[in-house]
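# Chains, contacts and geometry: an overview
Listed below, chain by chain, are the residues.
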Amino acid sequence: MAGRINDDDVKAVRDAVPIDSVVSEYLQLRNAGGGNLKGLCPFHDEKSPSFQVSPGKGLFHCFGCQEGGDTIAFVMKIDHLSFSETVERLAAKAGITLRYEEGGYNPSHQRGERIRLIEAHQAAAEFYVRALESPEAEIGRKFLAERGFDQDAAAHFRVGYSPAGWDHLTRYLRGKGFSDKELITSGLSQDGRRGPIDRFRGRLMWPISDTAGEIVGFGARKLRDDDNGPKYLNTPETPIYKKSQVLYGIDLAKKDIAKASRAVVVEGYTDVMACHLAGVTTAIATCGTAFGNDHIKILRRLLMDNGSARVIFTFDGDSAGQKAALRAFEDDQKFAAETYIAIAPDGMDPCDLRLAKGDDSVRDLVEPRTPLFEFALRQIVGRYDLETPAGRAAALDEAAAVVAKIKTSSVQREVAVQLAGFVGILDQEFVVHRVAQLARWARDKGGDTAERGGRRGGAPGVRGGAPQQPAPAPGFSGPALNLRSPAHRTERELLKLALQKPVLVSPAFDAYGLDEFTAPPYAAVRRCIEEAGGAEQGLADNREYLVAVMDAAPDNTVRSLVTELAVEVFIGKTIDETYAGMQLVHVRLRAVDRRINDVQGSLARLGSHVAPQDLAAAQNEVWVLQQYAQSLRAHGAAAL
């Protein structure tokens, strides 16, 4: 097994790969103020962005689910990698050669499983692309040409060809050093009578990439009549490929989706190609499965769910396409974006439409036309005879149950009014009442409670400048945090200064004891700073200082609070020496006042039973503390 990665190399990797560039491969980031960026958290569902990234500190933190850390922690969490696998991947991105403490440089066969599987897919993609140029692949090139795709188009989408023999790719990858176990695990090969054979043979190949642009699987289209397999054959479920969690074309479309706040969902690989070549560069497709919850999560992170976001579905006009549209509508409420459906004349898909009528027709197709809810409801209503009272009643019952799933009451009412028009019921309020009744019944049965007390995220920092009270932090003894408490609020600001701007509070901060922080969670963070060498360590290299503070955390709860404080914006508008001095003074002054009260309280309880020398010592301590408090109030930070 490969040895431990050299610490200096880990630091070099952490410094070389900006955290915002890595995070933006998975979600859209926008300015959050104070040099921070924000987006929808990829680790839990939320409607407003509570996930913050601090490029200057190399940290991220979600104020909703409390996940946080540096670039390495983010990649480990989102791609389910080990520490070494993550460092190796980021090192490859940065062009850094890693050294190992035991055993020298890392041999390829010792690298992490995910990285090995990714490398196998990359090698396979290159093999397939070259094979498309072979005489045998003429049938594949003809298939592409008949659908309007030339050589440049094939190269842009990295379309390839899998030779018809039994083990061409398998032998090629063996020659590259991949083991039979890796080839079977990757899904590129499968077990044969005499060992592994190619899974894909004699087919046109589309590489399927994840959001980060790494190839994780393939889609294969059969070309010959004697191929007894399905029309499309995809990579099976593997450690790196889950069909419900990938979208074909997302690597090419993600930047334009984020920029335009628009996504176009089509049904196949050639439809994605046709759309992109026609100028609709926000097109993506599912890979052999229905559009579902995990796909929605991917798009929501890119769209940021702002008011102008649009998702356009281009399902075929046949019955299967209509069913797909209805399934999509079931999940429609998980988008804050407006959703539409676009069906081409004569039921043509984007590929056929481009071939028949040109690029302009594809661009026209995906201009938002029919809201998805309207299409879905018309599909339901259209199955009934609306000329009869019984038909109208049956149509209303089925459609109203769908409308009742709309969570926002104002939108629910608006759609209910439109449903009345679709069904032909003049009494709109009757339909509105019916829908509301069904919605209440669903809630009473324990349905979706997301709108009732659900956390919407957002930093505990600010609403109009006033911190809100978070839930009690787990893992600490003592009273819970109360950000309405002036003492807790000031302690929080001082810790933020010590983590984010240590130059403003050092060296004074390092003389503060744990007992000066009355909230146990804050005392735990203060201990981490102390064990990392104090705030003065942040003067030379703030990133390494923050890493050291996080490493000193005894558990994930404290570590999460460290990242939270390291990226949270300050309450004050001007963060300078004066502001820092105020926080230092307020925390120290409250500690002095507490000590005075403690000593005086002890004297009062003891009364005449206190020894004369103890009484004199206590009175002297109180006098000294009172003088110190008076000096702090009069001279501020200069008296520290």
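Residues numbered from 1 in each chain as written. Predicted model: local features only at pLDDT ≥ 70, side-chain atom pairs only at ≥ 80, totals over all residues. Heavy atoms only, no water.

## A look at the side chain of Glu-182
- Within the secondary structure, Glu-182 is located in helix 9 (residues 180–186).
- Here Glu-182 falls in the buried class, since its relative accessible area comes to 16%.
- Non-local contacts of Glu-182, meaning those with residues more than four positions away in its chain, are made with Arg-116, Leu-117 and Gly-177. (Helix = DSSP H or I, 4+ residues; strand = E, 2+ residues; numbered from the N terminus. Buried < 20%, exposed > 50% of the residue type's maximum accessible area, 1.4 Å probe, protein only. Contact = heavy atoms within 4.5 Å.)

## Section: the sheet that holds strand 11 (residues 232–234)
- Ordered by their spatial adjacency, four strands build an open sheet running 6-9-10-11, and the pairing between neighbours is antiparallel. Whereas interior strands pair on both sides, the edge strands pair on one side only; in this sheet they are strand 6 (160–162) and strand 11. Looking at each pair of strands side by side, their axes are set apart by 35° on average, direction ignored.
- In this structure, strand 6 lies alongside strand 9 (residues 203–209), joined through three bridges in antiparallel fashion. Its bridge partner lying in strand 9, Tyr-161 is registered against Leu-204. (Pairing = 2+ DSSP bridges. Axes fitted to C-alpha atoms, helices over the stretch in contact; angles between N-to-C directions.)

## Thoughts on the sheet that holds strand 14 (residues 310–313)
- Pairing in this open sheet of five strands is mixed, and the strands run 13-12-14-15-16 from one edge to the other. Every interior strand has two partners, whereas the edge strands, strand 13 (283–285) and strand 16 (370–371), have only one.
- Bridge count between strand 12 (residues 262–266) and strand 13: three bridges; the pairing is parallel. In the sheet register, Val-266 faces strand 13, and the bridge partner there is Ala-285.
- Running over the sheet, helix 10 (residues 250–260) touches strand 12 and strand 13 and is turned about 130° from strand 13.
- With respect to the sheet, helix 11 (residues 269–277) is in contact with strand 12 and strand 13, its orientation differing from that of strand 13 by roughly 175°.

## Some thoughts on the confidence of the model for the chain
- Confidence in the prediction for the chain averages 84 pLDDT; 87% of positions are at 70 or higher.
- Long-range and interchain partners of residues 104–110, a stretch whose pLDDT sits below 50, account for twelve contacts in this model, where long-range means more than four residues apart.
- Throughout residues 447–479 the model reports pLDDT below 50, and contacts reaching past four residues in sequence, or to other chains, amount to 56 contacts. (pLDDT = per-residue confidence, 0-100.)

## Examining the environment of Thr-557
- Here Thr-557 lies in helix 23 (residues 556–567).
- Overall, Thr-557 belongs to the partly exposed group, its relative accessible area being 27%.

## Considering the nonpolar core
- Leu-144, Val-159, Leu-204, Trp-206 and Tyr-248 are the most contacted members of the largest nonpolar core, which has 44 residues in total.
- At five residues, helix 11 tops the list of elements feeding residues into this core.
- Excluding residues that lie within four positions of it along the chain, Tyr-248 makes contacts with Phe-157, Trp-206, Pro-207, Ile-208, Tyr-269, Val-272, Met-273, Ile-284, Ala-285 and Cys-287.
- In this structure, Ala-519, Val-549, Ala-553 and Val-562 belong to the second largest nonpolar core, which totals 38 residues. (Core = buried A, V, L, I, M, F, W, Y, C linked by side-chain atoms within 4.5 Å.)

## Details of the side chain of Arg-89
- Of note, Arg-89 is situated in helix 4 (residues 83–94).
- For Arg-89, the contacting residues outside a window of four places in its chain are Tyr-26, Val-75, Asp-79, Leu-81, Arg-114, Ile-115 and Glu-214.

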